Number of protein chains: 2
Amino acid sequence: MTSPLAPADDGALALLGMVAYGELGAFARLAADSRSAPVLHQRLALARFAGQALTHLEQVSGRVVELGGDLEATMHPFAGVLTEFDRRTEPSTWWEQMLKAYVGYGVSDDFARVLARGTDPHTAEVVAGVMPGADHADFVIALLADAGADDATLAARLALWGRRLVGESLGAVQRVLADHPDVARLLASALPGEADPQQKLFTTLTAEHTRRMDRLQLAA
Amino acid sequence: MTSPLAPADDGALALLGMVAYGELGAFARLAADSRSAPVLHQRLALARFAGQALTHLEQVSGRVVELGGDLEATMHPFAGVLTEFDRRTEPSTWWEQMLKAYVGYGVSDDFARVLARGTDPHTAEVVAGVMPGADHADFVIALLADAGADDATLAARLALWGRRLVGESLGAVQRVLADHPDVARLLASALPGEADPQQKLFTTLTAEHTRRMDRLQLAA
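Caption draft 1: Fine view of the environment of V127 of chain A. Following the sequence through the fold, V127 of chain A ends up in helix α6 (residues 121–129). For V127 of chain A, the residues in contact, after removing those within four places along its chain, are L15, L16, V19, A112 and A116 of chain A.

Structure representation (structure tokens):
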């Protein structure tokens, strides 16, 4: 977790490492989703979303290099985070799997977006640029709308699953803040003047989650 | 399997559909390999190879559109081929998995390369352009050289696995030719003057396989 750069840049590299790991995880998850998709059309769409995650990873890598860092070294400290999250949220149906990609990773994207406010403008721009496109959201919304529209039981189960996912996601965020002092410091710089930055962060993440569940017409 | 184009173009679309499915399969396989790679460096390398397969898929898609075809429609007839191949060649170790990506898909690449000679020059160029880069071969060679150098038992097991893979690959090629008359016709145009194009094809594929196993310093 040490870096050859001045302490001021440590936060940026930590954020980029965290985002890079998130993109690698999203790539792996979306590729696995593509493989298990029931029809070719969905296989192709999900493979392309996985490809976008990989493009994002390269963009983050570019910024790491500009800051004088090393991609793998910045990623390493975040190796265990997603593994633990994935272990605790193994989807049991195709719908749960789709919801996980949208809701679970949505929280970590929002987390990165908040942290980016504490970095230099260039890093903040790179992080803002690697957030998933609207096309992925639209894909999941269309898919779940088809499924949930006529099936109240499925909709209720997915709403429950959404709550489980957001709970586990917030737990993962909490573990990152506890285990990575540089990220916790970055959060404090990102939310200046907040007496309790973590409290403010969790309020923001929960509000964004509710907005996402609303878009899916599922109860948050 | 019908196409809106003149019969002369059917072969090109069939080949492109087969190659596109191969790239989607390679993408899924390499992404899964990335996920199960023991170290981050290998995870990243394999994710990037998966990304290349996706780029190839888009290039093939571009040519399908130029020919007035539809990507999904051209891919559909080849849906079962890789599923069956994958079912029959489930790797039991990380090394077997790595060898499969190199040797198994190597045969299908060589098959595509031979068929491309029977298409218009533009399609042939696209197909030639989507073959895996030398970097993937180098990655597998380095990995297996590390493993096999000091372990004669492992080397012997991998040589056996290589023979199994090439046998199953040639079986898959044979099924494609039997099930897809447009591909069989394309093979005949690709190898003009050959009394028995299939015999010639299998000689070529076997020779290329031997060359690959030699590069890995494994007995073919």
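From this point, the discussion proceeds with the structure in view.
Caption draft 2: Local environment of the interface of chain A and chain B. Taken together, the contacts link 26 residues of chain A with 26 residues of chain B. Surface buried jointly by chain A and chain B totals about 2,200 Å² across both partners, of which 63% is contributed by carbon and sulfur atoms. It is R35, L40 and L44 of chain A in chain A that bury the most area against chain B; as a group they hold 25% of the surface buried on that side. Across the chain A-chain B interface, the total number found is two salt bridges. Between E58 of chain A and R48 of chain B there is a salt bridge, and its shortest N-O distance comes to 2.7 Å. Across the contact surface, chain A and chain B share four residue pairs in polar contact (both at pLDDT 80 or more). Breaking the side of chain A that touches chain B down by element, the ones donating at least two residues are α1 (7–36), α2 (40–66) and α3 (71–75) of chain A. Sort the elements by how many residues they give to the side of chain A that touches chain B and α2 of chain A lands first, with 12 residues. Looking at side-chain class alone, the side of chain A that touches chain B contains 14 nonpolar, five polar and seven charged residues.

Caption draft 3: Focus on the packing of helix α2 (residues 40–66) of chain B against helix α6 (residues 121–129) of chain B. All names here are of chain B. Relative orientation of the contacting elements α2 and α6 amounts to 170 degrees, with a least axis distance of 9 Å. Compared by their axis directions, α2 and α6 come out roughly antiparallel. Contact residues: α2 offers H56, Q59, V60, R63 and E66, while α6 offers H122, T123, V126 and G129. Each residue belonging to the contact of α2 with α6 can be placed in one class, and the counts come to two nonpolar, five polar and two charged.

Caption draft 4: Quick look at the relation of the copies chain A and chain B. Once chain A has been moved 0.0 Å along the axis and rotated by 180 degrees, it coincides with chain B to within an RMSD of 0.0 Å. Expressed as an axis order, the relation between the two copies is that of a two-fold axis. Take the interface residues of chain A: 100% of them recur as interface residues in chain B, which is what a same-surface contact looks like.

Caption draft 5: Representation of the packing of aromatic side chains in the model. Residues and elements named next belong to chain A. Taken as a whole and assessed by the stated rule, the structure comprises five aromatic pairs over all chains. Aromatic side chains F49 and F139 sit 5.5 Å apart centroid to centroid with 70 degrees between the ring planes, which places their arrangement in the edge-to-face category. Separated by 90 residues along the polypeptide, F49 in helix α2 and F139 in helix α7 (residues 134–148) bring together distant segments of the chain. Residue classification places F49 among the buried positions, given a relative accessible area of 8%. Its relative accessible area of 15% is what places F139 among the buried residues.

Caption draft 6: Main features of the nonpolar core. Residues F27, F111 and L216 of chain A together with F27, F111 and L216 of chain B are the most contacted members of the largest nonpolar core, which totals 153 residues. Beyond its immediate stretch of four places on either side in the chain, L216 of chain B contacts L99, Y102, V103, V140, I141 and L144 of chain B.

Caption draft 7: Inspection of the pattern of salt bridges at higher detail. A complete count under the given rule lists 26 salt bridges over all chains for this structure. With its nearest N and O atoms 2.7 Å apart, the salt bridge here joins E208 of chain B to R211 of chain B. Linking E208 of chain B with R211 of chain B, this pair stays in helix α10 (residues 197–215), spanning three residues, or about one helical turn. Residue E208 of chain B is classed as partly exposed on the basis of its relative accessible area of 24%. R211 of chain B sits in the partly exposed class, given a relative accessible area of 42%. A network of salt bridges, in which partner residues are shared, links E84, R87, R88 and E168 of chain A.

Cut-off values and rules
- Residues numbered from 1 in each chain as written.
- Chains lettered and ligands numbered in written order.
- Predicted model: local features only at pLDDT ≥ 70, side-chain atom pairs only at ≥ 80, totals over all residues.
- Heavy atoms only, no water.
- Helix = DSSP H or I, 4+ residues; strand = E, 2+ residues; numbered from the N terminus.
- Contact = heavy atoms within 4.5 Å.
- Buried area = accessible area lost by both parts, 1.4 Å probe.
- Salt bridge = Lys/Arg side-chain N within 4 Å of Asp/Glu carboxyl O.
- Polar contact = N/O pair within 3.5 Å; in protein donor to acceptor, adjacent residues only side chain to side chain.
- Nonpolar A, V, L, I, M, F, W, Y, C, P; charged D, E, K, R; others polar.
- Axes fitted to C-alpha atoms, helices over the stretch in contact; angles between N-to-C directions.
- Parallel < 35°, antiparallel > 145°, perpendicular 65-115°, else oblique.
- Least-squares fit on C-alpha atoms with pLDDT ≥ 70 in both.
- Phe/Tyr/Trp six-rings, centres within 6.5 Å; stacked < 30°, edge-to-face > 60°.
- Buried < 20%, exposed > 50% of the residue type's maximum accessible area, 1.4 Å probe, protein only.
- Core = buried A, V, L, I, M, F, W, Y, C linked by side-chain atoms within 4.5 Å.

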